[in-house]
Amino acid sequence: MDEQNSIPVTKVERSAKFVKTGFQIGGNYIKHYSKKLFNPELGRDELNEDNATDIYKSLSELKGSALKIAQMLSMDKNILPKSYVDKFTQSQYNAPPLSGPLIIRTFTKNFGKTPEVIYDKFNIVSSNAASIGQVHQAELNGRKLAVKIQYPGVGDSISSDLKLVKPFAFRLLGMSEKELNIYIKEVEERLLEETDYELEVRRSIEITEACKVIDNIVFPTYYPELSGKRIITMDWIEGLHLKEFLQKNPSQELRNKIGQALWDFYNFQQHELRAVHADPHPGNFMITPDEKLGVIDFGCIKEMPDDFYVPFFSLISSDVVKDKEKTIAAFRKLEMIHTDDTSAQIEFYYKAYLEMIQLFARPYLSATFDFSEPEFFAQLYAFGEKIAKMPEFKQARGVKHFIYVNRTNFGLYTILQELKATIHTDTYKPHIG
C-alpha cells in the first residue's frame, strides 16, 4: 500500500477535500443517469460502488474522525448498500499509512527524541493503519512492543470534520437534522476521548486489570513511561484478525470458545463495570496462537449511568416487558416515549419498541444461544429496514446513550454471527435490583 506523506490538517485543506469528493459524487450521478437514458433497467449497483470508492478514498486520506465515521457505518449493515459496507469495512483493518518522516516528527515533538533512541528496534513501516492512528512494531529489553502513533491534527479537526461529514451522513443515514445532531454530538464526545492517549492508557490499565477474571482472554501490558499525548506503547500480541482466523476454517468448538470469551468480555463490562469497550469492530481483536481472544484497543469507552442502565436492562432481563405500564414507564425514562405524545402515539411506539426489545433480548432469554441462526439476523435487519421507512421515526427518540450502547451490542452480535458461535448467555447478568 502506498504511503501517505501528509495529512490535510487545516480546516480549509480538509474542507477542500470534502468539496472535491462532492464534485466526484456529482459526476458519478451524471454518469449514472446518462447510462440510464440508454438502459432504463440499469440498477444503482455501479453508482453505489463508484460513490463508495470515492467517499472511502477521501475519508481514508483525511484519517481521524472522518475515517472513524466510515468505520462505524461499515458495522451498520442494515442501513447501507452492500457496496458501501464492503468498501468501508477496509477501514476496520487498514488505511494508507503515514511516511517515515511524519513518524519521526511525531516522536520528536512528543518525546524530544527519535524512536531509534527510545527503543532498541523500531520498524518505521507500520503494521496497521486505521482511523485515529497507526501501529508500529518495536523492541525494548527483549520485549516485542506495539507502538500506536496518532495522526497529526486528528484531535484538532474533530468538530469541523463532523460538520463536513453531515451532508454525507444525511444522504446515507436518512436521519432528521435533530436526530443527526444528537448523533454527531455523542460521536464528537467519544472521538475527543479517543484522541486523548493518556486517558486511553489509564482506562486500558484499569479495565484490563478488572477483566482478568474472564477466561480465554488476553490483554497487552501498557507502558505509561513510554506513552504520551499522541503515542501509546504496549506489548505486541501475536495472532490473527477475525477474517484471517475464519479463513483457516476453525472447528466449531474453537469458534464457540472465542465467541464465549467475547460475550463474557462485553457482558462483564456492561454489568460489573457499567463501562464498556464501545468499538467492537473486528480489527480490535486477535485470536492468539494458544487459541485465546486478544483485545488490543481501549480508545472508545462508553460509561452507562444508572438512569440509563437500570431501565434499559430491566426491559431485557426481567418481567418488566410482561407488564405494559411498567414497560411504558421504562420507555419514558429512556425518552423513547415523550411526555407530549398522544394516546395513539404512545400505543404506536409501545408496540414498535416492544417488538425491537423482544428481538434484541432474544439471546438473553435462554441459557444458550446459537448466533449462526440466520432467521434471528434476518428479523433484526428486516425490523431495522421497516422502521427506517416509517415517518414516525424521523424524529429523534431515545437518550443519547443508545447510540454507542446499541452500536456495541449489535457489533457484538455481528461478530458472533460471523463466528457462527453458540454461547452460554447466562454467565454475567444485569444487576437491576
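Residues numbered from 1 in each chain as written. Predicted model: local features only at pLDDT ≥ 70, side-chain atom pairs only at ≥ 80, totals over all residues. Heavy atoms only, no water.

Applying the stated criterion to the full structure yields 16 salt bridges. Between Arg-203 and Glu-193 there is a salt bridge, and its shortest N-O distance comes to 3.0 Å. Taken together, the positions of Arg-203 in helix H9 (residues 197-210) and Glu-193 in helix H8 (residues 177-194) put the pair ten residues apart, joining distant regions of the chain. Judged by relative accessible area, Arg-203 falls into the buried class, the value being 12%. Each of Glu-189, Arg-190, Glu-193, Arg-203, Glu-303 and Lys-400 takes part in one network of salt bridges that share partners. (Salt bridge = Lys/Arg side-chain N within 4 Å of Asp/Glu carboxyl O. Helix = DSSP H or I, 4+ residues; strand = E, 2+ residues; numbered from the N terminus. Buried < 20%, exposed > 50% of the residue type's maximum accessible area, 1.4 Å probe, protein only.)

Attention now goes to H9. Relative to the 20 Å expected for 14 residues at 1.5 Å per residue, H9 spans 20 Å between its end C-alpha atoms, a close match to the ideal helical length. Residues Tyr-197, Leu-199, Glu-200, Val-201, Arg-203, Ser-204, Ile-207 and Thr-208 constitute the buried set of H9. (Expected span 1.5 Å × (residues − 1).)

This brings us to the pairing of strand E4 (residues 143-150). Side-chain direction in a regular strand flips from residue to residue, so the side chains alternate between the two faces of the sheet. Among the eight residues in E4, six count as buried, and that is most of the element. As paired strands, strand E3 (residues 133-140) and E4 are joined by eight bridges and run antiparallel to one another. Directly across from Leu-140, in E4, lies its bridge partner Arg-143. Hairpin geometry of E3 and E4 is characterised by an intervening segment of two residues between the two adjacent antiparallel strands and by a positive phi of about 55 degrees at Asn-141. When E4 meets strand E6 (residues 231-235), the two strands line up antiparallel, connected through five bridges. (Pairing = 2+ DSSP bridges.)

As a further point, take the nonpolar core. Within the largest apolar cluster, 78 residues are counted, with the highest numbers of intra-cluster contacts made by Phe-265 and Tyr-413. When residues in this core are grouped by element, the largest group, nine residues, is from helix H14 (residues 343-360). With near-sequence residues (within four places) excluded, Tyr-413 lies in contact with Trp-263, Phe-360, Pro-363, Tyr-364, Phe-371, Phe-376, Phe-377 and Leu-380. The next biggest cluster of nonpolar side chains, apart from the first, holds 13 residues, and it includes Ile-103, Ala-138, Ile-149 and Ile-231. (Core = buried A, V, L, I, M, F, W, Y, C linked by side-chain atoms within 4.5 Å. Contact = heavy atoms within 4.5 Å.)

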